[in-house]
Amino acid sequence: MATLYTLRSRNVARTWGLMAVFLVLVVAIGWAASYYYDSTAILYVALAFALVTNVFAYWKSDTIALASARAHPVSFEQDPELHRIVENLAITAGLPKPRIYMIDDPSPNAFATGRDAKHAAIAVTRGLRAMLAKSELEGVIAHELSHIGNRDILVMTMAVVLVGFIAILADIALRVSFLGGGGRERQNGNPVLLVFAILAIILAPIAAQLIQLAISRRREFLADASGALLTRYPEGLESALAKIGSYQAPMRHANAAIAHLFIANPFGAHPRGRFIQRLFSTHPPIEERIKALQGLELH
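Residues numbered from 1 in each chain as written. Predicted model: local features only at pLDDT ≥ 70, side-chain atom pairs only at ≥ 80, totals over all residues. Heavy atoms only, no water.

Caption draft 1: Representation of the overall build of the chain within the structure. Of the regular secondary structure elements, the chain holds 11 helices and 4 strands. For the chain, buried positions account for 49% of its 299 residues. Long-range pairs, those at least 24 residues apart, make up 74% of the contacts in the chain with a sequence separation of at least 6. (Helix = DSSP H or I, 4+ residues; strand = E, 2+ residues; numbered from the N terminus. Buried < 20%, exposed > 50% of the residue type's maximum accessible area, 1.4 Å probe, protein only. Contact = heavy atoms within 4.5 Å.)

Caption draft 2: Examining the nonpolar core more closely. Core analysis: the largest hydrophobic core is formed by 49 residues, its most contacted members being Phe-111, Ile-141 and Leu-145. The element contributing the most residues to this core is helix α5 (residues 134-149), with 6 residues. Apart from residues lying up to four places away in sequence, Ile-141 is in contact with Leu-82, Ile-85, Val-86, Leu-89, Ile-122 and Val-124. (Core = buried A, V, L, I, M, F, W, Y, C linked by side-chain atoms within 4.5 Å.)

Caption draft 3: Spotlight on the packing of aromatic side chains. The full count for this structure, using the stated rule, is 1 aromatic pair. Aromatic side chains Phe-111 and Phe-262 sit 4.8 Å apart centroid to centroid with 65° between the ring planes, which places their arrangement in the edge-to-face category. Of the two residues, Phe-111 is situated in strand β3 (residues 110-113) and Phe-262 in the loop between α9 (234-246) and α10 (274-280); the sequence distance between them amounts to 151 residues. Both residues of the pair, Phe-111 and Phe-262, belong to the buried class. (Phe/Tyr/Trp six-rings, centres within 6.5 Å; stacked < 30°, edge-to-face > 60°.)

Caption draft 4: The pattern of salt bridges, seen in detail. By the definition in use, this model includes 7 salt bridges. Residue Asp-62 is joined to Arg-99 by a salt bridge in which the shortest nitrogen-to-oxygen separation is 2.9 Å. A residue pair is termed long-range when its members are at least 10 positions apart, and Asp-62 in helix α2 (residues 41-68) and Arg-99 in strand β2 (residues 99-103) qualify at 37 residues. In this structure, Arg-126 engages Asp-104 in a salt bridge whose closest nitrogen and oxygen atoms are separated by 2.4 Å. Pair noted here: Arg-126 is in helix α4 (residues 126-131) and Asp-104 is in the loop between β2 and β3, with a separation of 22 residues, a long-range link. Classification of Arg-126 by relative accessible area gives partly exposed; the value is 44%. Linked through salt bridges whose partners overlap, the residues forming this network are Asp-79, Glu-81 and Arg-129. (Salt bridge = Lys/Arg side-chain N within 4 Å of Asp/Glu carboxyl O.)

Caption draft 5: Quick look at the sheet that holds β3. If you trace the 4 strands from one edge of the open sheet to the other, you get β1-β2-β4-β3, paired in mixed fashion. The sheet is open, and its two borders are formed by β1 (71-73) and β3, each paired with just one other strand. Each adjacent strand pair in this sheet contributes to an overall mean axis angle of 30°, direction not counted. Examined bridge by bridge, β2 and strand β4 (residues 121-125) share 5 bridges and lie parallel to one another. (Pairing = 2+ DSSP bridges. Axes fitted to C-alpha atoms, helices over the stretch in contact; angles between N-to-C directions.)

Caption draft 6: Fine view of the packing of α5 against α9. With their axes 7 Å apart at the nearest point, α5 and α9 run at an angle of 95° to one another. Between α5 and α9, the crossing angle belongs to the class labelled roughly perpendicular. Here Ser-135, Glu-136, Gly-139, Val-140 and His-143 of α5 lie close against α9, whose contacting residues are Gly-236, Leu-237, Ser-239, Ala-240, Lys-243 and Ile-244. Partitioned by chemical class, the residues of the contact of α5 with α9 number 4 nonpolar, 5 polar and 2 charged. (Parallel < 35°, antiparallel > 145°, perpendicular 65-115°, else oblique. Nonpolar A, V, L, I, M, F, W, Y, C, P; charged D, E, K, R; others polar.)

Caption draft 7: Seen up close, α9. If you check α9, its first and last C-alpha atoms are 19 Å apart, about what 13 residues at 1.5 Å a residue would give, namely 18 Å. All of the buried residues in α9 are Pro-234, Gly-236, Leu-237, Glu-238, Ala-240, Leu-241 and Ile-244. (Expected span 1.5 Å × (residues − 1).)

Caption draft 8: Seen up close, the side chain of His-147. Residue placement: His-147 occurs in helix α5. Here His-143 takes part through its side chain, which lies 3.1 Å from a polar atom of the side chain of His-147. Once residues within four sequence positions are removed from consideration, His-147 is found in contact with Asp-152, Ile-153, Arg-219, Glu-220 and Ala-223. (Polar contact = N/O pair within 3.5 Å; in protein donor to acceptor, adjacent residues only side chain to side chain.)

Caption draft 9: Looking closely at the pairing of β3. Here β3 shows no split at all, with Ala-110 and Ala-112 on one side and Phe-111 and Thr-113 on the other all buried. The pairing of β3 with β4 spans 4 bridges and is antiparallel. When the bridges of β4 are listed, Phe-111 appears paired with Ala-123.

Caption draft 10: Seen up close, the packing of helix α3 (residues 80-93) against α5. Axis separation between α3 and α5 bottoms out at 10 Å; the angle between their running directions is 50°. One element, α3, and the other, α5, form an angle in the oblique class. Judged by the twist between their axes, the crossing of α3 over α5 is right-handed. Contact with α3, carried on its side by Glu-81, Leu-82, Ile-85, Val-86, Leu-89 and Ala-90, involves Lys-134, Leu-137, Glu-138, Ile-141, Ala-142 and Leu-145 of α5 and no other residues of that element. For the contact of α3 with α5, the residue count by class is 9 nonpolar, no polar and 3 charged. (Left-handed = near helix turned anticlockwise from the far one by under 90°.)

Caption draft 11: Geometry of unusual backbone geometry. With a phi close to 60°, Arg-70 is a non-glycine residue in the positive phi region. Within the element layout of this structure, Arg-70 appears in the loop between α2 and β1. Residue Arg-70 is classed as exposed on the basis of its relative accessible area, which comes to 53%.

Here it is in structure tokens:
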């Protein structure tokens, strides 16, 4: 029987393994572009762009995410109970109290953002606030605080940047190939390596996107387990997830760029294909998350 501690270690190891695969993809597409065009200039430009983008995303990720979700700050006077819940759980977790935001949307959802615990924020929708009982709300807040404590937000920012970097590099390579072909091609290079280079350029962005989604799903399981450990009452989060999962409509202003940050898929339930949903959704199915919580032991 898995415990919260063994599940956390297992998910952390798997997540960093997926991140390692990301780095392999970056090297692969960089080599492919360099070989095909017989020049490393495109790789240097892409790496420089990725570095600048990464730095900007690191410092401004919370501002971008909150603005994209159309969230606004909530004062203690506006919602004292929510502030007390966040503060008490943050103290229990040994974290600074994050800033609290509200999203004017009837769909029940929430997310955490920020580059580290000192610059973190938690946003909840009005639908979530109205739908959940106190113990259920505590479960959701504990889940989001776990994302902050586990540095999930930083990891997901890295994943998003890497996906964008790979997509941009591949797009540049394909556009240039349409304009004039590759240097190796003109010099009668190895045809097998040329085919491999072209396939790497085309398929790398797809593989990177799938890996990003897999990282996001792993992080949700980890945050569920950590949140249950924090409250010592997994039934609260189980009940909250059941209520959230029963709401089928998407958020009014769902944004694909930050979908992975939410506790549940902001686009609602997919009506077709369980396999397609599992493959392309940023979140694992709600029933699987509830089942995982039911199989945990608190020690």
